[in-house]
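Spelled out from the first residue to the last, the chains are:
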Amino acid sequence: MGNLGPNFSETRLLSDLGEFSPLDPEEFRSQAHRMVDFIADYYKKVEDYPVLSQVQPGYLCSSLPKTAPHKPESFDQILHDVNKYVIPGITHWVSPNFFAFFPATVSTAAFLGEMLCTSFNCVGFNWLASPAATELEMVVMDWLASMLKLPKPFISLELICDTICSVILGTGGGVLQGTTSESIICTLIAARDRALDTIGVENIGKLVVYGSDQTHSSYTKACKLAGIFPRNVRLIPTTIDTNFAMPPPSLLRVIQADLAAGLVPLYLCATVGTTSTTAVDPVDQLVDVASDYGIWIHVDAAYGGSACICPEHRHYLDGIERADSLSLGPHKWLLSYLDCCCLWVKNRGLLVKALSTNPEYLRNKPSELNSVVDYKDWQIGTGRRFKSLRLWMVLRSYGVANLQGHIRSDVRLAKMFEGWVRSDPRFEIVVPTRFALVCFRLNPFSNPDPARLEVLNRKLLDWVNSTGRVYMTHTIAGGIYMLRFAVGATLSEERHVAAAWKLIREGADTLPELRIGVVRRLNGCIG
């Protein structure tokens, strides 16, 4: 133990500090009101900040003290430092001028739900730890399943009415995970253990999993964590001819080759709305292939799944009734803040068998009678937050009609942006626009060199992002470098999309290569 020295007096220090009351209700009321005002003001003026942070690496580490304060600091000083040090280092995902990656949507209802979640501070690892936390999650997941028109096996609760109505547990159900990565690894482990029960643990090296070269990068990470040998991860090549969707004939050929080599097909991850280009794998056709071989079929609809609450988009989930699991991320499009990922499984018993723990200190009568759901056995960790409050608040405060309208508005704005791109002969759409992502590039030449086009578009993207007025990202699919314009930030309006397009055109005008190309075109030097 360290020696604080002969002059140290704990009694004196405590008297100098005064009474320590970390949760005084009236102090909380006062400071929380001020914090809400601070946050509301931030949302009100967020579009005035540079969207992409302009700081350099290490800026915050060199600005803050090396040790925590020994004595308390005032709330005023802390808020001052948030403004001075923290906000300059934020890339503003809630900005209406944020068109990068996929949106991380927010709303008043979800924020208030998060406040409730934090205030109750429930650690709902099993039903008894907080019955409301478990049962509200089951209800909300069933509500969303109904909105998506998911089949009965994915529903948690079943209402049985004879002379008296009662609620019983279904064979499947839904659970809130943090991210899609967690959903994939949980279902992958369940699939792995089911297979190993048959072929033996010593044959884990024979298990093979399937996706496409457009499947999210977290898939290969999940496979590593689940013990799948890297050489047994099959990423089926896609092409622009199929708009980068996974081709079922290619999947079939690879599966048959694996079987001929004595391997065991285990798991298929199909995607509804890939990250690069929002490609949609043909779920129905892929299920036709995979189901013949006992493969666990997971549908990753992290982005595109939310749109399927609209009837005009529901067809993207055709075939889901024959899949084993489905995940989607409401934080991307259903206004629910990060983190929030919905996972539905058709057979919850397989998930529980693979992930359950039952130490003596958690044993209780309801769990032992199998009359309740213990969500600790549906996830990687044990502790879990009361996150269903956020979705519950969103669904109740806005209703299905407003959420459908919100999605349709974003799709309309993306189509509007696509129309502007098509109207400028210097630009082109690379793949058809699905949902609310537009993939395009600057291509003013009739016979362009791919490497030259990539340099040109990189320069355009760097120029646009350097202004701080808009933030976009890029991708490469099928060897094609393209720009991504993702509509969907909660505060974005038509004027923001229009201003972004104006800025992109201004950026194109500044490129020397483009000016030279135009002159040569006018002189007939190039087609």
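Attention in this report is confined to the structure presented alongside it. (Residues numbered from 1 in each chain as written. Predicted model: local features only at pLDDT ≥ 70, side-chain atom pairs only at ≥ 80, totals over all residues. Heavy atoms only, no water.)

**Digging into the pairing of strand β9 (residues 341–345)**
On any regular strand, side chains alternate: one points to one face of the sheet, the next to the other face.
Alright, step 1. With 5 of 5 residues buried, β9 lies mostly within the body of the structure.
Alright, step 2. Alternating positions in β9 separate into two faces, Cys-341, Leu-343 and Val-345 on one and Cys-342 and Trp-344 on the other, with burial throughout.
Alright, step 3. Bridge count for strand β3 (residues 173–177) against β9 is 5 bridges, and the pairing is antiparallel. Looking at the pairing, Gly-174 lines up with Trp-344 of β9. (Buried < 20%, exposed > 50% of the residue type's maximum accessible area, 1.4 Å probe, protein only. Helix = DSSP H or I, 4+ residues; strand = E, 2+ residues; numbered from the N terminus. Pairing = 2+ DSSP bridges.)

**Digging into the pairing of strand β6 (residues 264–271)**
Alright, step 1. A large share of β6 lies buried, amounting to 7 of its 8 residues.
Alright, step 2. Across 5 bridges, the pairing between β6 and strand β7 (residues 296–300) is parallel. Among the inter-strand pairings, Thr-271 is bridged to a residue of β7, identified as Asp-300.
Alright, step 3. Handedness of the crossover is the feature at issue here: the chain leaves β6, passes through helix α9 (residues 283–290), returns alongside β7, and the resulting connection is right-handed. (Right-handed = clockwise from strand over helix to strand, strands pointing away.)

**Re the layout of surface pockets**
Alright, step 1. Size it by volume and the largest pocket reaches roughly 820 Å³.
Alright, step 2. Looking at the largest pocket, it is lined by 24 residues, and the ones nearest its centre are Pro-22, Leu-23, Glu-27, Phe-28 and Gln-31.
Alright, step 3. Elements with a contribution of two residues or more to the lining of the largest pocket: α1 (10–17), α2 (25–45) and α4 (108–120).
Alright, step 4. A per-element tally of the lining of the largest pocket places α2 first, with 7 residues.
Alright, step 5. The volume enclosed by the second largest pocket comes to roughly 490 Å³.
Alright, step 6. Lining of the second largest pocket is provided by 27 residues; of these, Phe-102, His-216, Thr-275, His-331 and Lys-332 occupy positions nearest its centre.
Alright, step 7. Considering each element in turn, the lining of the second largest pocket owes the most residues, 3 residues, to strand β12 (residues 473–477).
Alright, step 8. Across the lining of the second largest pocket, the residue classes tally to 8 nonpolar, 16 polar and 3 charged. (1 Å grid on protein atoms, 1.4 Å probe; cavity = no way out; pocket = protein on both sides within 12 Å on 5 of 7 lines; lining within 4 Å. Points joined across faces, edges and corners; volume = space filled by probe spheres on them. Nonpolar A, V, L, I, M, F, W, Y, C, P; charged D, E, K, R; others polar.)

**Section: the side chain of Asp-300**
Alright, step 1. Locating Asp-300 in the fold gives a position in strand β7.
Alright, step 2. One buried charged residue, Asp-300, remains without a salt bridge, the closest side chain of opposite sign being Lys-332 at 7.3 Å.
Alright, step 3. Leaving out residues up to four positions away in the same chain, Asp-300 has contacts with Thr-180, His-216, Cys-269, Ala-270, Thr-271, Val-272 and Ser-327. (Lys, Arg positive; Asp, Glu negative; His and termini not counted. Salt bridge = Lys/Arg side-chain N within 4 Å of Asp/Glu carboxyl O. Contact = heavy atoms within 4.5 Å.)

**Observations concerning empty space enclosed by the protein**
Alright, step 1. What the rule picks out here adds up to 1 cavity of 30 Å³ or more.
Alright, step 2. Put simply, the largest cavity is a space of about 50 Å³.
Alright, step 3. Lining the largest cavity are Cys-122, Gly-124, Ala-133, Thr-134, Glu-137, Arg-384, Arg-385, Phe-386, Lys-387 and Ser-388.
Alright, step 4. Its residues assigned to classes, the lining of the largest cavity comprises 3 nonpolar, 3 polar and 4 charged.

**Notes on the sheet that holds β9**
Alright, step 1. One open sheet accounts for 7 strands, arranged β3-β9-β8-β7-β6-β4-β5; its pairing is mixed. With one partner strand each, in any of the chains shown, β3 and β5 (233–236) form the two edges of the open sheet. Neighbour to neighbour, the strand axes of the sheet diverge by 20° on average, direction disregarded.
Alright, step 2. Sheet strands touched by helix α5 (residues 131–147): β3, β8 (325–328) and β9. Its angle to β9, the strand with the most contacts, is close to 85°. (Axes fitted to C-alpha atoms, helices over the stretch in contact; angles between N-to-C directions.)

**Describing helix α8 (residues 248–260)**
Alright, step 1. In this model, α8 (13 residues) spans 18 Å end to end at C-alpha, consistent with the 18 Å of a helix rising 1.5 Å per residue.
Alright, step 2. Listed as buried for α8 are Pro-248, Ser-250, Leu-251, Ile-255 and Asp-258. Along α8, the residues classed as buried sweep out an arc of 160° about the axis, all on the same side. Away from its buried face by more than 90 degrees, α8 exposes Arg-253 and Ala-260.
Alright, step 3. Residue Gly-262 follows α8 closely and has a positive phi angle near 85°. (Expected span 1.5 Å × (residues − 1). Arc of directions from axis to C-beta.)

**So, the pattern of salt bridges**
Alright, step 1. All told, the structure shown has 27 salt bridges when counted by the stated rule.
Alright, step 2. Of the charged contacts, one joins Asp-258 and Arg-234 as a salt bridge, the two residues approaching to 3.0 Å between their closest N and O atoms. A residue pair is termed long-range when its members are at least 10 positions apart, and Asp-258 in helix α8 and Arg-234 in strand β5 qualify at 24 residues.
Alright, step 3. Taking the relative accessible area as the measure of exposure, Arg-234 reaches 18% and is therefore buried.
Alright, step 4. For Arg-314, the salt bridge identified is with Asp-318, shortest N-O distance 3.8 Å.
Alright, step 5. Overall, Arg-314 belongs to the buried group, its relative accessible area being 15%.
Alright, step 6. Because the salt bridges share partners, they merge into one network encompassing Glu-114, Asp-339, Arg-385, Lys-387 and Arg-390.

**Let's talk about the packing of helix α14 (residues 450–466) against helix α15 (residues 494–510)**
Axes are the key here: two packed helices are described by the angle between their axes and the distance separating the axes.
Alright, step 1. Running from N to C, α14 and α15 cross one another at 125°; their axes reach a closest spacing of 9 Å. Comparing their axes, α15 and α14 come out oblique. Here the hand of the crossing between α14 and α15 comes out right-handed. Within the contact between the two elements, α14 uses Leu-460, Trp-463 and Val-464 and α15 uses Leu-503, Ile-504, Glu-506, Gly-507, Ala-508 and Thr-510.
Alright, step 2. Residue composition of the contact of α14 with α15, grouped by class: 6 nonpolar, 2 polar and 1 charged. (Parallel < 35°, antiparallel > 145°, perpendicular 65-115°, else oblique. Left-handed = near helix turned anticlockwise from the far one by under 90°.)

**A few points about the nonpolar core**
Alright, step 1. Core analysis: the biggest nonpolar cluster contains 116 residues, and Trp-344, Phe-440, Met-472, Phe-485 and Ile-504 have the highest contact counts within it.
Alright, step 2. For this core, the element with the highest residue contribution is helix α13 (residues 388–423), accounting for 13 residues.
Alright, step 3. Counting 30 residues, the second largest nonpolar core, distinct from the first, contains Ala-195, Leu-207, Leu-266 and Leu-351. (Core = buried A, V, L, I, M, F, W, Y, C linked by side-chain atoms within 4.5 Å.)

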